[in-house]
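# Commentary on secondary and tertiary structure
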Amino acid sequence: MIKQNSVVTMHYELKDAEGEVLDSSKGQEPLVYLHGAGNIIVGLEEELEGKAVGDNVNAVISPEKAYGLPVEALVQTVPKEAFGAEIDKVEVGMRFQAETEQGPVPVVVTGMDEATVTVDGNHPLAGKELHFDVSIAEIRDASQEEIDHGHVHGPGGHQH
Ligand code: ZN
């Protein structure tokens, strides 16, 4: 059963509240994570606690237990001059790393007008209710080294 420090191998499909598929491990390697280490969102860890190999789990996770609610302060309007010559490449929907006083932050361009560009530094899934369809493929105990590092080693995990 899945408990603190289990290494869990699972296949998953993630949909939003409208049923659109946002992410999926179908046709790819399964996801491997260390349970209780914050490798995956807290709401999904709670739902998977106590589950066994072969279990299928349908879970609806609120934004508060997923990627949080959008923060207005992370939406900023910047003058086009700030982009210099790169402005020609900027378009709505483009993602890039913005240099901030707190270091690089991934942002998406959400709007443009004559003089300014609006960028949003919120996580793309902030504010979204997440619908997970998970099947548990494998469970093992983590090694002491994995527990110390807070992540899985070997196939599907860190190779170092
Ligand atoms: Zn490690």
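To be clear, the structure that these remarks concern was listed above.
These remarks concern the structure in this document. (Residues numbered from 1 in each chain as written. Predicted model: local features only at pLDDT ≥ 70, side-chain atom pairs only at ≥ 80, totals over all residues. Heavy atoms only, no water.)

Ordered by their spatial adjacency, 4 strands build an open sheet running 5-8-7-6, and the pairing between neighbours is antiparallel. This sheet does not close on itself; its edge strands, each paired only once, are strand 5 (75-79) and strand 6 (95-100). Each adjacent strand pair in this sheet contributes to an overall mean axis angle of 45°, direction not counted. Judged from the 4 bridges that link them, strand 7 (residues 103-112) and strand 8 (residues 116-120) form a sheet pairing that is antiparallel. Paired with Met 112 across the two strands is Val 117, which belongs to strand 8. (Pairing = 2+ DSSP bridges. Helix = DSSP H or I, 4+ residues; strand = E, 2+ residues; numbered from the N terminus. Axes fitted to C-alpha atoms, helices over the stretch in contact; angles between N-to-C directions.)

In this section: the coordination of the zinc ion. Bound to the zinc ion are the protein donor atoms His 149 (ND1), His 151 (NE2), His 153 (NE2) and His 160 (NE2), situated 2.0 to 2.1 Å from the metal. Metal-centred angles of 99 to 121° between the 4 donor atoms at the zinc ion mark the site as tetrahedral. Each donor residue of the zinc ion lies on the same chain, and together they follow the pattern H-x1-H-x1-H-x6-H. (Donors = N, O, S within 2.8 Å, 3.2 Å for Na, K, Ca; no water. Tetrahedral: all angles 85-135°; square planar, octahedral: opposite > 155°, others 65-115°.)

Turning to the nonpolar core, a few remarks are in order. Across soluble globular proteins, you tend to see nonpolar side chains buried next to one another. In terms of nonpolar packing, the biggest core is built from 19 residues, with Met 10, Leu 44, Leu 48, Leu 130, Phe 132 and Val 134 touching the most fellow members. Contributing elements (two or more residues each) for this core: strand 1 (6-15), helix 1 (42-48), strand 4 (56-61) and strand 9 (130-141). Other than its neighbours up to four places away in sequence, Met 10 contacts Ser 25, Pro 30, Leu 31, Tyr 33, Leu 44, Leu 48, Val 134, Ser 135, Ile 136 and Ala 137. With 8 residues, the next largest nonpolar core counts Ile 87, Ala 98, Val 107 and Val 119 among its residues. (Core = buried A, V, L, I, M, F, W, Y, C linked by side-chain atoms within 4.5 Å. Buried < 20%, exposed > 50% of the residue type's maximum accessible area, 1.4 Å probe, protein only. Contact = heavy atoms within 4.5 Å.)

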